[in-house]
Amino acid sequence: MYHDQGHGPVKAMGLEHGVNVTAGLPIVRTSVDHGTAFDIAGTGKADERSMLEALRQAATLARR
């Protein structure tokens, strides 16, 4: 599936927990499923839930 095709439904159903997992690498790679949000950087408005979920997913995958 192409990047944009997969991200649309995820964003529509719950961006705050979205995680991007890159498969096929010799290392575990996860990242948040949203942009950088430069417009709110440093304002205290950012939502950390996607980052925390990316870390949880990476830990789970690393154990396998």
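About the cut-offs
Residues numbered from 1 in each chain as written. Predicted model: local features only at pLDDT ≥ 70, side-chain atom pairs only at ≥ 80, totals over all residues. Heavy atoms only, no water. Helix = DSSP H or I, 4+ residues; strand = E, 2+ residues; numbered from the N terminus. Buried < 20%, exposed > 50% of the residue type's maximum accessible area, 1.4 Å probe, protein only. Contact = heavy atoms within 4.5 Å. Areas by Shrake-Rupley, 256 points an atom, 1.4 Å probe, with all protein chains shown as cover. Salt bridge = Lys/Arg side-chain N within 4 Å of Asp/Glu carboxyl O. Expected span 1.5 Å × (residues − 1). Patch = residues over 30% accessible without salt bridge, like charges linked within 9 Å, V, L, I, M, F, W, Y side chains within 5 Å. Polar contact = N/O pair within 3.5 Å; in protein donor to acceptor, adjacent residues only side chain to side chain. 1 Å grid on protein atoms, 1.4 Å probe; cavity = no way out; pocket = protein on both sides within 12 Å on 5 of 7 lines; lining within 4 Å. Points joined across faces, edges and corners; volume = space filled by probe spheres on them. Nonpolar A, V, L, I, M, F, W, Y, C, P; charged D, E, K, R; others polar. pLDDT = per-residue confidence, 0-100.

1. Here we look at the overall build of the chain
Move 1: Secondary structure summary: the chain contains two helices and two strands in total.
Move 2: By residue count, 14% of the 64 residues in the chain fall in the buried class.
Move 3: For the chain, contacts bridging at least 24 residues in sequence account for 44% of all contacts bridging at least 6.
Move 4: Accessible area for the chain stands at about 5100 Å²; split by element, carbon and sulfur atoms hold 58% of it.

2. Some words on the pattern of salt bridges
Move 1: Per the stated rule, a full pass over the model turns up two salt bridges.
Move 2: Note that Arg49 is salt-bridged to Asp47, the shortest N-O span being 2.6 Å.
Move 3: Of the residues examined, Arg49 reaches a relative accessible area of 36% and is grouped as partly exposed.
Move 4: Residue classification places Asp47 among the partly exposed residues on the basis of a relative accessible area of 38%.

3. Remarks on helix α2 (residues 49–63)
Along an α-helix, residues three or four positions apart point the same way, because every turn accommodates 3.6 residues.
Move 1: The terminal C-alpha atoms of α2 lie 21 Å apart, and with 15 residues this matches the ideal 21 Å at 1.5 Å per residue to within 8%.
Move 2: In this structure, the buried side of α2 is in contact with β1 (19–21) and β2 (30–32).

4. Section: a nonpolar patch on the surface
Move 1: There is a patch of nonpolar side chains on the surface, built from Met51, Leu52 and Leu55 and spanning about 270 Å² of accessible area.
Move 2: Assignment of secondary structure puts Leu52 in helix α2.

5. Re the side chain of Glu53
Move 1: When you line up the elements, Glu53 lands in helix α2.
Move 2: Among the residues examined, Glu53 registers a relative accessible area of 18% and is labelled buried.
Move 3: Among the polar contacts listed, one links the side chain of Glu53 to the side chain of Arg56, at a separation of 3.1 Å.
Move 4: Dropping the residues within four chain positions of it, Glu53 is found in contact with His17 and Val19.

6. Notes on the layout of surface pockets
Move 1: What the largest pocket holds in volume is close to 200 Å³.
Move 2: In this structure, the largest pocket is lined by 13 residues; those nearest its centre are His34, Ala37, Ala46, Asp47 and Glu48.
Move 3: Here the lining of the largest pocket is built from residues that sort into six nonpolar, four polar and three charged.

7. Focus: the confidence of the model for the chain
A low pLDDT score tells you not to read the predicted coordinates there in detail.
Move 1: For the chain, the mean per-residue pLDDT works out to 83, and 83% of the residues sit at or above 70.
Move 2: By mean pLDDT, the top-scoring element of the chain is α2 (93), and the lowest-scoring one is helix α1 (residues 3–14) (68).

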